[in-house]
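# Examining the three-dimensional arrangement
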Amino acid sequence: MSRVAYVNGRYIRHAAAGVSIDDRAFLFADGIYEVIEVFDGRLIDEEGHLLRLARSAAQLRLTLPMAATALRRILRELVARNRVTDGHVYLQVTRGAAKRDHGFPKPGTPSTVVAFAHRGDRAAAEARAHAGIKVISLPDIRWKRPDIKTTSLLPNVLAKQQAKEAGAYEAWLVDADGFVTEGSSSNAWIVDSAGVLVTHPADSAILAGITRARLLKIAAARGLKIVERPFTLAEAFRAQEAFISGATTIVLPVVAIDGQNIGSGAPGAVALGLRASFHEFAPATA
Ligand code: PMP
């Protein structure tokens, strides 16, 4: 069965799908996106993702060409046509195609909407979670608005590649004051030496992860002590546990940072517990 993608109103064979070379996302990374998990054929926390897409659009003065209900219909169609049981859907909206000029195209230029689906491997994801992942630390060299989910991801791409080349799964980005902001494609968490769950506040220095928000609610319901505050790398080394979160990874325990074991050097109980209960609590829409 060949994969099917959505491009500006049409469902096309994925391999044949494309957009104009004048597209603003191709020329300027002038676009926004969302990645939503599909679990048991249902979209997880879809509303939160679509609300964040609307916020990203507003922040970049980009007009969403259709209402959330129409976007939801497209995502469902992709899940069905690609027969995704577990995996994710990707949705991108750009400022459209226009003669190359840094300033916005003339009003009325249609936005580009692209979406596609990926099948995941639940067993492989579980195996990764139970083995734990390694991370490396790198300076956070991104622009000052990583809270906007744009396709402008070059620093994240470079950080992820450096992590891979170091045999790690993720890079934790460290700001000029020594605080860990987040991962290159995930939010960063620790269980500090006092047993408190700590993650960076959802300010302009990080992407306010939808998974992060859901985990904070789950952790509160489980009676865990939680503080949203920045933590340093030095504190992470002393932490009982560390983990990352994101829509494609849910929760992955971090067992080493920069080659130093965290806690016992094995996945922690808090991280694995949050991962195990995530889908019980996260709203899933068919
Ligand atoms: N931070 C960054 C930089 C990301 O790319 C992601 C993944 N989109 C996240 C955090 C996690 O966000 P979410 O839980 O909404 O996937």
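Residues numbered from 1 in each chain as written. Predicted model: local features only at pLDDT ≥ 70, side-chain atom pairs only at ≥ 80, totals over all residues. Heavy atoms only, no water.

Test applied: UniProt positions are given in the numbering used here, feature names are shortened, and annotations may be inferred rather than shown by experiment.
Per an unreviewed UniProt entry, the chain goes by the name Probable branched-chain-amino-acid aminotransferase and belongs to Candidatus Rhodoblastus alkanivorans. UniProt annotates the chain under Function (unreviewed entry) with the comment "Acts on leucine, isoleucine and valine." As its UniProt record puts it under Sequence similarities (unreviewed entry), the chain is described as follows: "Belongs to the class-IV pyridoxal-phosphate-dependent aminotransferase family."

### Topic: the sheet that holds strand S3 (residues 31-39)
The criterion, for reference: When DSSP locates at least two bridges between a pair of strands, those strands are taken to pair. Numbering of helices and strands runs from the N terminus, with a helix taken as a DSSP run of H or I at least four residues long and a strand as a DSSP run of E at least two residues long. The criterion used for residue contact is that any of the two residues' heavy atoms lie within 4.5 Å. Lines are fitted to the C-alpha atoms to define the axes, a helix being fitted only along its stretch in contact, and any angle between axes, read from their N-to-C directions, falls within 0 to 180 degrees.
Across the sheet, which stays open at both edges, the seven strands sit in the order S2-S1-S6-S5-S3-S4-S17 with antiparallel pairing between neighbours. Edge positions in the open sheet fall to strand S2 (10-13) and strand S17 (284-285), since each of these has one partner strand only. Contacts from helix H2 (residues 46-59) reach S3, strand S4 (42-44), strand S5 (87-94) and S17 within the one sheet, and its direction differs from that of S3 by about 175°.

### Some words on the domain arrangement of the chain
Note the cut-off: Here the limits of each domain have been adopted from an automatic or database domain assignment. Buried area: the sum, over both parts, of the accessible surface (1.4 Å probe) that disappears when the two are put together. Here, a salt bridge means any side-chain nitrogen of Lys or Arg that lies within 4 Å of a carboxyl oxygen of Asp or Glu.
Taken domain by domain, the chain holds domain 1 (4-120) and domain 2 (125-285). In this complex, domain 1 contributes 25 residues to the contact, which on the side of domain 2 involves 23 residues. Between domain 1 and domain 2 lies a buried interface of about 2000 Å² when both sides are counted; carbon and sulfur atoms form 56% of it. By the criterion of area lost to domain 2, the three top residues of domain 1 are Tyr33, Asp45 and Arg52, representing 32% of everything that side buries. Our enumeration of links across domain 1 and domain 2 arrives at two salt bridges.

### Looking at the packing of aromatic side chains
Applied cut-off: Whether two aromatic rings pair depends on their centres lying within 6.5 Å, for rings of Phe, Tyr and Trp, where Trp uses its six-membered ring; planes under 30 degrees apart make the pair stacked, over 60 edge-to-face, and the rest tilted. Exposed residues in this analysis have more than 50% of their type's maximum accessible area, buried residues have under 20%, and partly exposed residues fall in between, with area computed by a 1.4 Å probe over protein chains only.
Within the structure shown, the criterion is met by five aromatic pairs. Centre to centre, the rings of Trp172 and Phe231 are 5.9 Å apart; their planes meet at 65°, and the pair counts as edge-to-face. With Trp172 in strand S8 (residues 170-174) and Phe231 in strand S13 (residues 231-232), this residue pair connects regions lying 59 residues apart in the sequence. For the pair formed by Trp172 and Phe231, the shared burial category is buried. Taken together, a centroid distance of 5.2 Å and an interplanar angle of 15° make the contact between Trp189 and Phe243 stacked.

### Section: the side chain of Thr112
In this fold, Thr112 is placed in strand S6 (residues 112-119). Beyond its immediate sequence surroundings of up to four residues, Thr112 is in contact with Asn8, Val19, Asp23, Gln92, Val93, Thr94, Gly96 and Ala97.

### Observations concerning the site of the ligand
Where we set the bar: Any residue with a non-hydrogen atom lying within 4 Å of a molecule or strand is treated as near it. Definition of a polar contact: a pair of N or O atoms within 3.5 Å, with one able to donate and the other able to accept a hydrogen when the atoms are protein atoms, and with sequence-neighbouring residues admitted only if both atoms are side-chain atoms. We get accessible surface area from the Shrake-Rupley algorithm with a probe of 1.4 Å; when it comes to residues, only the shown protein chains can shield them.
Residues in close proximity to the ligand total 17 residues, the closest being Arg52, Lys149, Glu182, Ile210 and Thr211. Residue Lys149 places a side-chain N or O atom 2.4 Å away from a nitrogen atom belonging to the ligand. Between the ligand and Glu182, the relevant distance is 2.6 Å, taken from a nitrogen atom to a side-chain nitrogen or oxygen of the residue. Protein contact buries 93% of the 390 Å² of open area that the ligand shows by itself.

### What about the pairing of strand S15 (residues 250-257)?
Looking along a regular strand, one sees side chains alternate from face to face of the sheet. In terms of burial, S15 is a largely internal element, eight of the eight residues being buried. Bridging between strand S14 (residues 241-246) and S15 involves five bridges; their strand directions are antiparallel. Each bridged residue has a counterpart across the sheet, and for Ser245 the counterpart in S15 is Val251. Where S14 hands over to S15, the hairpin turn is made up of three residues, counted between the paired strands. Sheet analysis places S15 next to strand S16 (residues 260-261), joined by two bridges and oriented antiparallel. Of the residues in S16, the one forming a bridge with Ile257 is Gln260. Counted along the chain from S15 to the antiparallel partner S16, the turn is two residues long, and its residue Asp258 has a positive phi close to 50°.

### Observations regarding helix H3 (residues 68-81)
The condition that has to hold: Here the expected span of a helix is defined as 1.5 Å times the quantity of residues minus one.
Taking 1.5 Å per residue, 14 residues should reach 20 Å; H3 reaches 20 Å between its end C-alpha atoms and fits that length. Along H3, the residues classified as buried are Ala70, Leu71, Ile74, Leu75, Leu78 and Val79. Immediately beyond the C-terminal end of H3, within one or two residues, lies Arg83, with a positive phi of roughly 45°.

### So, the pattern of salt bridges
Going through the model one piece at a time under the given rule, you end up with 18 salt bridges. Between Arg52 and Glu34 there is a salt bridge, and its shortest N-O distance comes to 2.7 Å. Here Arg52, found in helix H2, pairs with Glu34, found in strand S3; they are 18 residues apart in sequence, far enough to count as distant. Side by side, Arg52 and Glu34 carry an identical accessibility label, which is buried. The salt bridge partner of Glu126 is Arg275, with a shortest N-O separation of 2.9 Å. Note that Glu126 is positioned in helix H4 (residues 122-131) and Arg275 in helix H8 (residues 269-281), a separation of 149 residues in sequence.

### Structural notes on the packing of H2 against H3
The following threshold applies: Angles are sorted into four bins: roughly parallel if under 35 degrees, roughly antiparallel if over 145, roughly perpendicular if 65 to 115, and oblique for all others. Take the far helix as your reference; a near helix turned counterclockwise from it by less than a right angle gives a left-handed crossing, and one turned clockwise gives a right-handed crossing. Put simply, Ala, Val, Leu, Ile, Met, Phe, Trp, Tyr, Cys and Pro go in the nonpolar bin, Asp, Glu, Lys and Arg in the charged bin, and everything else, Gly too, in the polar bin.
Closest axis-to-axis distance for the H2/H3 pair is 11 Å, and the angle between their directions is 125°. On the basis of the axis angle, H2 is oblique to H3. The way H2 lies across H3 gives a crossing that is right-handed. On H3, the residues that touch Glu46, Glu47, Leu50 and Leu53 of H2 are Ala68, Leu71, Arg72, Leu75 and Arg76. Across the contact of H2 with H3, the residue classes tally to five nonpolar, no polar and four charged.

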